[in-house]
Each structure stands twice: as C-alpha cells, then as structure tokens.
Amino acid sequence: MASEKLPDGSEKGLRGHMVERGVRKRIGLAPPAGDIDRNAPYKRIATEEAWTFPELVEAQVKLLKSANAPNDPALRMGGMFASMPELQRMLCDLGDLRISHMDEYGIDRQLLLLTAPGPQVLEPEEGTRLAARSNDIAAEACAKRPDRFSALAAFQPQDPDAAAREIERAMKELKLNGAVLNSHFRGHFLDEPQCDPILAALEENDAALYIHPTAPFEDRVYAARGMTGALGGFPHDVWNHTMGLVLSGAFDKYPKLRLVIGHLGECMPLHLYRFDWMQSNADGVSGLRGGQPAVTLKHPISHYFHNNIWITTSGVGWEPGIKFCMDVMGPERVLYAMDYPYQQSSDEVGAYDRMDIPPAHKKMLMQENAEHVFRLPKD
C-alpha cells in the first residue's frame, strides 16, 4: 500500500493523523525519497511503538476535568492527545489496522509501549489498577499475534511496592519483555530513595526499563517557547531522569539493571566526554535528593552508558547521528525504533536500508540488539 506523495517526493504527513497535525513536508535533514528493501537480510524490530486503551484515556480526562486535578503538564498533555480522534484510533488498535501499517513499512515486530502520560498521572490506587489492566491487554495482543507483537509492562511508580509486584507479575505470569515508564511522576523520579523496590524488582526479574518522555513537570519556560515536546521538554525530562539514576549510584547498587532511552539517547551520548570531566560536581556532594547522604560513583559516568544503558533511534533516522552513537557506545548498544504512530515514514525506513553501516552492525541495529536487550523470541 503506497502512501500519497508530495511534489518533493516525501510522504503526505503522518498517515491517519494528518487531519490533526497537518501535512509534514520534507525539510532540512529529512531523508530523500527511497524505497523500502522488501528482501532485507534482517528483521525490522521497532522498539518504541506507542499504544493505549480507552479506559485509561477516559480516566486521564476525568481527572483533568475534576475539581482536584493536579497541576501536572503531563496530565494536560494526555488531555490534548485525547482530543485527537485519528491519533486515538491508531493508538488503541492492536489488531488489523496496526499490522497493516507495519506491513506497509516493512516492520516485522513492534515492541508495544503504553504511551505517555501513562497511568502515573492518576491517583495511586487507580493508576495501579489501570497499569495492571494495560498489561493484561498487552499480553492478550501478544498472545494473539506472537509473530508481530511483544510488549513492555506499565506500572504506577507512586506506589513503589505495588509497582514492584506488578513488574514481577508482568514478567513471570504475563511473560512481557521489560517495563516502560513515561518519565517523571508528578515531579518525582526513580532515583529517589522510596523507589528502590522498583529498581530491585527490575533487576530481580531481568526486566529492561524503557524511560519514555513526557511533558516536563516544570514546563513554564518550555511552554512559553513552544518547546514542551520534542523540541526541548521531552528530551530534557528523560535526560534529568537518566542522569539522576546514574548519579544516585543506582547502577552500582544494581549492576545488572538495564536502561533504554530513545531518540538517540536524547543527545546524551554527545556529552559523555563532558559528563566524565564534570562528574566531581556531583560525586561526594551531600544533601542531594532531599538531604540524602553523599554518593560517589564507582566508575566514570561513561562506564554506565557502556554497560547499563542502551539507546534507540526513535524519530531520528539520521545516518551521521546513528553512526556517532554506534561509535561512542558500541554497535551493540543502539536499537532501531520508528516511534509509531507519532512519526512514520517509508522514506525513513528506506534510509535505514541504505545506510553505509557494516552488514553485521546493520543487523544488530535493526534486529539482534532488540532481541538481546528485551529477551525477544528469535525467529
């Protein structure tokens, strides 16, 4: 099924979503028009592919409209997404529509991530219940199409003990492939001491954690400049979350913990040199994280990016950036992702096929790294 093309040869917007977002023309560094290799010597496993379900969306909207709605930009973002019916149609479909788009773009398997803002914007009890419900739905979708879908488990971090139990249930009973958290939860992050049961459960259950962006809690300066989303707020929130975990010593305490972040690591690989150089600004400093004892890391910050952290290419089909990340982190630490349905393009998929990367590294990027990190079935 070919997408309609613009005069410059690029696709006519986000397919099925363009009514709400308008036509996305090729500009700047967008890839040139090109065909997808239908006989590629690798499977395409897309590792940041969003979904949701009506009950969760309805709960988010209900809370947003209530008299006691929290002042949470992530919740407001959920309300914005809920007002987009075409986007919701694509997000909520875990069947024929989604698979038809996968076939169109040559995607063999999607790793399903419950989309932002997730259950964490709700009150703890309801968020815990709907996180479990989402995991049941995801497991059902994977059971129906085990050849096309795998999924990560959602959890409500505001109740760390319940979150730990849900991670264990999702991994042991539902056989999901890791966990996803849409970054901060009402301004809190996993590096805070009360969240230790969650980190312990992730390591104990061999569950990789994907931290996905959401609207930053302190969004005033972003909103005033049109930067709440991918232009600033999203990457900075994940940056804050990731560096908080590193500097808290979480990976020293849990050395087998695996963390995955998207969008070429939210630019963090570019800063590894400076992170190591400036590490002493945080090492041994007391009173951080609400007065917690000082933490001195066992290793340079770059060590954790080479041993505990993987990145995906979601939304960044850009050859120079991908090559740089493979060079500084290692080809085994970079995974392909599309970012469906928010960003999708046959031109972009074709650009991956044409990238000047050694064949063995290309197969790692598109298939094998995902199989390893998320313990996926190997076809």
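Look up: the structure comes first, before these words.
Residues numbered from 1 in each chain as written. Predicted model: local features only at pLDDT ≥ 70, side-chain atom pairs only at ≥ 80, totals over all residues. Heavy atoms only, no water.

Enquirer: Whenever I open this one, the sheet that holds strand β6 (residues 259-261) confuses me. Can you help?
Expert: By way of backbone hydrogen bonds, the strands of a sheet pair with one another, either parallel or antiparallel. The parallel open sheet is built from five strands, whose spatial order is β4-β5-β6-β7-β8. Looking at the sheet topology across the chains shown, the edges are occupied by β4 (179-181) and β8 (334-335). Where β4 and strand β5 (residues 209-211) come together, three bridges link them in parallel fashion. What sits directly across from Ala-179, in β5, is Leu-209. Against the sheet, helix α10 (residues 233-247) engages β4, β5, β6 and β7 (309-312), with an angle of about 160° to β6. (Pairing = 2+ DSSP bridges. Helix = DSSP H or I, 4+ residues; strand = E, 2+ residues; numbered from the N terminus. Contact = heavy atoms within 4.5 Å. Axes fitted to C-alpha atoms, helices over the stretch in contact; angles between N-to-C directions.)

Enquirer: It is not clear to me how the packing of aromatic side chains should be interpreted in this structure. Could you clarify?
Expert: Geometrically, a pair of aromatic rings is defined through the distance of the ring centres and the angle of the planes. Taken as a whole and assessed by the stated rule, the structure comprises seven aromatic pairs. Taken together, the ring pairs connect Trp-239, Phe-275 and Phe-305 into an aromatic cluster. A cation over a ring is seen here: Arg-333 above Trp-310, with NZ or CZ 4.0 Å from the ring centre. (Phe/Tyr/Trp six-rings, centres within 6.5 Å; stacked < 30°, edge-to-face > 60°. Lys NZ or Arg CZ within 6 Å of the ring centre and 35° of its normal.)

Enquirer: What's the story with the pairing of β7 in this structure? I'm lost.
Expert: Along a regular strand, successive side chains alternate from one face of the sheet to the other. Residues Ile-309 and Ile-311 of β7 are buried on one face, and the alternating residues Trp-310 and Thr-312, pointing to the opposite face, are buried as well. Looking at chain direction, β6 and β7 are connected through three bridges and run parallel. Bridge pairing in β7 links Leu-259 to Ile-309. As paired elements, β7 and β8 share two bridges and run parallel to each other. By the bridge assignment for β8, Ile-311 is matched with Val-334. Read from β7 through helix α16 (residues 319-329) to β8, the crossover connection turns out right-handed. (Buried < 20%, exposed > 50% of the residue type's maximum accessible area, 1.4 Å probe, protein only. Right-handed = clockwise from strand over helix to strand, strands pointing away.)

Enquirer: Even after reading the chapter, I still don't get the pairing of strand β1 (residues 45-51), so can you show me in this structure?
Expert: Counting buried residues in β1 gives seven out of seven residues, a clear majority hidden from the surface. The pairing of β1 with strand β2 (residues 109-114) spans five bridges and is classified as parallel. Of the residues in β2, the one forming a bridge with Ala-50 is Leu-113.

Enquirer: Any chance you could explain the pattern of salt bridges here in plain terms?
Expert: A side chain with one charge can pair with a side chain of the opposite charge if their charged atoms come near. In total, this model carries 16 salt bridges according to the counting rule given. The residue Asp-353 makes a salt bridge to Arg-44 at a minimum N-O spacing of 2.8 Å. Separated by 309 residues along the polypeptide, Asp-353 in helix α17 (residues 346-354) and Arg-44 in the loop between α1 (18-21) and β1 bring together distant segments of the chain. Residues Asp-353 and Arg-44 agree in their burial class; the two are buried. Note that Glu-123 is salt-bridged to Arg-186, the shortest N-O span being 3.0 Å. Remark: Arg-186 occurs in the loop between β4 and α8 (196-204) and Glu-123 occurs in the loop between β2 and α6 (124-144); sequence separation between them is 63 residues. Owing to a relative accessible area of 18%, Arg-186 belongs among the buried residues under this scheme. Salt bridges sharing common partners tie together Glu-55, Glu-126 and Arg-129. (Salt bridge = Lys/Arg side-chain N within 4 Å of Asp/Glu carboxyl O.)

Enquirer: Explain the sheet that holds β1 to me, please; I cannot follow it from the model alone.
Expert: Here three strands make up an open sheet; going across it, the order is β1-β2-β3 and the pairing parallel. Only two strands of the sheet have a single partner each, and these edge strands are β1 and β3 (149-151). Looking at each pair of strands side by side, their axes are set apart by 35° on average, direction ignored.

Enquirer: Would you mind showing me how to read helix α2 (residues 54-65) here?
Expert: Residues spaced three or four apart along an α-helix face the same direction, because each turn holds 3.6 residues. Over its 12 residues, α2 extends 16 Å from the first C-alpha to the last, a length consistent with the 16 Å expected when each residue adds 1.5 Å. Here α2 has its buried residues at Leu-56, Val-57, Ala-59, Gln-60 and Leu-63. In a view along the axis of α2, the buried residues occupy a sector of 160°, so they form one face of it. For α2, the exposed residues set more than 90 degrees away from the buried face come down to Glu-58, Lys-62 and Lys-65. Where α2 is buried, its residues contact α3 (73-82), α4 (85-92), β2 and α6. (Expected span 1.5 Å × (residues − 1). Arc of directions from axis to C-beta.)

Enquirer: Just to check I follow, could you spell out the packing of α6 against helix α7 (residues 160-172) for this structure?
Expert: Between two packed helices, the angle of one axis relative to the other and the distance separating the axes together describe the packing. Where α6 meets α7, the axes come as close as 11 Å, and the angle between the chain directions of the two elements is 10°. With respect to α7, the element α6 is oriented roughly parallel. Residues Thr-128, Ala-131, Ala-132, Asn-135 and Asp-136 of α6 pack against Ala-162, Glu-166, Arg-169 and Ala-170 of α7. (Parallel < 35°, antiparallel > 145°, perpendicular 65-115°, else oblique.)

Enquirer: Even after reading the chapter, I still don't get unusual backbone geometry, so can you show me in this structure?
Expert: Residue Pro-117 is reached from Ala-116 by a cis peptide bond, and omega for that bond is 5°. With respect to the helices and strands, the residue Pro-117 is situated in the loop between β2 and α6. Here Tyr-340 and Pro-341 are connected by a cis peptide whose omega angle stands at -5°. For Pro-341, the position within the fold is in the loop between β8 and α17. The phi torsion at Asp-206 lies on the positive side, around 55°, for a residue other than glycine. For Asp-206, the position within the fold is in the loop between α8 and β5.

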